[in-house]
Amino acid sequence: MELMENAPYLDQLLDFLKGKEEWLPRSLTGRAVLVGSIAGVTVYLITKKRYNLPPGPRGLPLLGNLLEFRNASIYEKLTEWRAKYGPVVKFNIGHITIVGLNRIDVVMEAMVKRQADFAGRIQLYSTLLLSDGGRNIVLGDYSPTWKLHRKLATKALRHYMTGNHLDEGIERSLTKGIAKIKEMKGPFNPHDVVSLIVFNIINNICFNFTCEIRDNYFKDMLHILDTFLDDFGNGFLYNDIRDFCDALLATQEEACQEEDPDVMSQMSDRHITQTLGDIFGAGMDTSRHTLLWTLLTLAQHPDIQDKLHTEVDHVLGGREFPSVSDRSNLPYTEAVLHESMRLHSVVPSGIPHKTLCDTKVGGYDIPKGTTVIINHYALHHDPEQWTDPHTFNPDRFLDQNGKMATKPESWLPFSAGRRVCLGESVAKPELHLLLAGIMRHFKVSLPPGAKVNTEPRGGSFANIPQDYELTFESKV
Ligand code: HEM
């Protein structure tokens, strides 16, 4: 069929050349080159694949649609384009072709039904630099090494989640955080203390200890990662398995003992450092920004906060800290968290995927190598899926008995399929219990006359609240 479609080009070319013999090169070699070139172009046109690509805005040569993003983030533009082009939209940034998925049915079709096709990550100079040449999980392309690391990290996190590791981590972290809050006088920006609380949870997962951090928080984190391998080299961490890091080291040791060169080459110290970086990088910002949005939203909705206090105080009784076993009795707290994650999706455009082969979504062709973005913001504000999507209403997650109802399909903060967030099983209980623990101790409110700016900052890939101040009134 393609041969038939392209045949007119040949006829037109031959017609055009009739009577123009003087245009042709005189030498035999020149004529051979010309005929060869024409034959090459013809073969290209005949074999060139025709795709039924998704609709989208026209772009400028070289720049594509880049200029459209001067005053808007990717998720805002995609949401706007959804009205015009539908749930699957194609656009270009420079030479990179990007397809945005704006509705839950097409997201599930791509990420779950065709998960193997959409499991890649684009490899740019910047991502390769960040991931030490693709050695980490978040930015690594789909490969046997990525699979191995994802599997090991999942196993190590699962190990961490057994027993009472999480309860201990929550208590240690809240003890330090609550003490810091109590030191503060008057309204203050909770950014640092919330960061400290989350940092200590993640630090506890990876290294089994909590620490103090002040302004040099980032330096401390990097310092820990840098010095970790020195400590390992000195045999410092060769204890029993207490944390995620030990579990990774144990796997490396097993591979060495079995002298499995294949696994050993993929379990280098550089890989382990990257995996620890994955946990810090992916777990830290997402969790603290979720908690910061939730505290702000609760301060704006004292009635909802009152209901949350009633639940937490009733379930915890005289206890200061919640534990994993309390979770099923704290549905309202969980619903508040889910609603906060919906309203303020902290990873609004997800992490870009890449197609590993020619594939399809929503009836359109998606060529191999296309960058694909899930618009989590659009899923979480879809007026066809949510009543009053811009209103904060935790009740939408509860059934008539006040228990957590079945998850609404269009709630997808952790994504789905082969690249689903590796930390989902940690983040959910961690945030649930941290929120319950903070609410056990404090009532939060906005300082009198405070004007809250809920415009997020952070660009296309992170949704961060603006700086704000809260008053923490001690309850116990
Ligand atoms: C509120 C908390 C969190 C949210 C909303 C969140 C969300 C996400 C999202 C949207 C992705 C991209 C999935 C995709 O590519 O389709 C992701 C990936 C990832 N997340 Fe999370 N995350 C959270 C917490 C965590 C935590 C606590 C950890 C670690 C303990 C973690 C580890 C990871 C890793 C390693 C990946 C990369 C997975 C891969 O590429 O295969 N995340 N997360």
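Structure shown above.
Residues numbered from 1 in each chain as written. Predicted model: local features only at pLDDT ≥ 70, side-chain atom pairs only at ≥ 80, totals over all residues. Heavy atoms only, no water.

**What to know about the layout of surface pockets**
As a reminder of what qualifies: For each structure, a 1 Å grid was placed over the protein atoms alone; sets of points admitting a 1.4 Å probe that cannot get out are labelled cavities, open sets with protein on both sides within 12 Å along at least five of seven lines are labelled pockets, and lining residues have an atom within 4 Å of a point. Grid points are joined across faces, edges and corners, and a volume is the space filled by probe spheres set on the points. Think of it this way: any DSSP run of H or I at least four residues long counts as a helix, any run of E at least two long counts as a strand, and we number them from the N terminus. Following the grouping adopted for this structure description, the nonpolar residues are Ala, Val, Leu, Ile, Met, Phe, Trp, Tyr, Cys and Pro, the charged ones are Asp, Glu, Lys and Arg, and the polar ones are all others, Gly among them.
If you add up the space inside the second largest pocket, you get close to 310 Å³. Counting residues per element, the ones that place at least two in the lining of the second largest pocket are helix H3 (74-85) and helix H12 (269-300). Within the lining of the second largest pocket, the residues separate by chemical class into six nonpolar, eight polar and two charged.

**Considering the nonpolar core**
Threshold: Here, nonpolar core refers to any group of buried Ala, Val, Leu, Ile, Met, Phe, Trp, Tyr and Cys residues whose side-chain atoms link them within 4.5 Å. A simple rule labels every residue: compare its accessible area, found with a 1.4 Å probe on the protein chains alone, to the largest value its type can have, and call it buried under 20%, exposed over 50%, or partly exposed in between. Contact criterion: two residues are considered in contact whenever any of their non-hydrogen atoms come within 4.5 Å of each other.
If you look at the biggest cluster of nonpolar residues, it comprises 70 residues, and the most contacted ones within it are Leu295, Ile438 and Phe472. In terms of residue count, H12 provides more of this core than any other element does, 12 residues in total. With near-sequence residues (within four places) excluded, Leu295 lies in contact with Val194, Leu435, Ile438, Met439, Val444, Tyr468, Leu470 and Phe472. Counting 16 residues, the second-largest nonpolar core is a separate cluster that includes Val106, Ile366, Ile374 and Leu379.

**Considering the side chain of Glu334**
Of note, Glu334 is situated in helix H14 (residues 331-343). Excluding residues that lie within four positions of it along the chain, Glu334 makes contacts with Arg327, Met404 and His432.

**Side note on the site of the ligand**
Filter applied, for reference: For each residue, the test is whether any non-hydrogen atom lies within 4 Å of the molecule or strand; if one does, the residue is near. Any N or O atom pair separated by 3.5 Å or less is treated as a polar contact, with the protein-specific requirement of one donor-capable and one acceptor-capable atom, and with residues adjacent in sequence counted only for side-chain atom pairs.
Neighbouring the ligand are 25 residues; Arg121, Arg150, His353, Ser415 and Cys421 lie closest to it. Separating an oxygen atom of the ligand from a side-chain N or O atom of Arg150 is a distance of 2.7 Å. Here an oxygen atom of the ligand and a side-chain polar atom of His353 are 2.7 Å apart. Put simply, the parts of the chain that give the shell around the ligand at least two residues each are helix H6 (144-161), H12 and helix H16 (424-441). Of the residues forming the shell around the ligand, the biggest block, five residues, is contributed by H12. Taken together, the residues of the shell around the ligand sort by class into 15 nonpolar, seven polar and three charged.

**A closer look at unusual backbone geometry**
Residues other than glycine seldom take positive phi values, yet Leu62 does so here, at roughly 65 degrees. Structurally, the position occupied by Leu62 is in the loop between helix H2 (28-47) and H3. Of the residues examined, Leu62 reaches a relative accessible area of 81% and is grouped as exposed. One non-glycine residue with positive phi stands out, namely Asp388, at about 40 degrees. Structurally, Asp388 is set in the loop between helix H15 (376-380) and H16.

**Quick word on the environment of Phe280**
Here Phe280 lies in helix H12. You can call Phe280 buried: its relative accessible area is 1%. When the C-alpha positions of Phe280 and Cys206 are compared, they lie 8.4 Å apart, and in sequence the two are 74 residues distant.

**Section: the coordination of the iron atom of the ligand**
Going by this rule: Water is absent from the atoms considered, so a metal site may look incomplete; donors are defined as N, O and S atoms within 2.8 Å of the metal, or 3.2 Å for Na, K and Ca.
No other protein atom reaches the iron atom of the ligand as a donor apart from Cys421 (SG), found 2.3 Å away. Relative to the helices and strands, Cys421 resides in the loop between H15 and H16.

**A word on the packing of H6 against helix H7 (residues 165-183)**
What counts, and what does not: Note on method: axes are straight lines fitted to C-alpha atoms, helices fitted across the in-contact stretch only, with angles between N-to-C directions ranging 0 to 180 degrees. If an angle is under 35 degrees, it is roughly parallel; if it is over 145, roughly antiparallel; if it lies from 65 to 115, roughly perpendicular; otherwise it is oblique.
Following both chains from N to C, one finds H6 and H7 inclined at 75 degrees, their axes separated by 7 Å at the closest point. On the basis of their axis angle, the class for H6 and H7 is roughly perpendicular. From H6, His159, Tyr160 and Met161 reach across to H7, where they touch His165, Leu166 and Gly169. Of the residues that constitute the contact of H6 with H7, the class distribution is three nonpolar, three polar and no charged.

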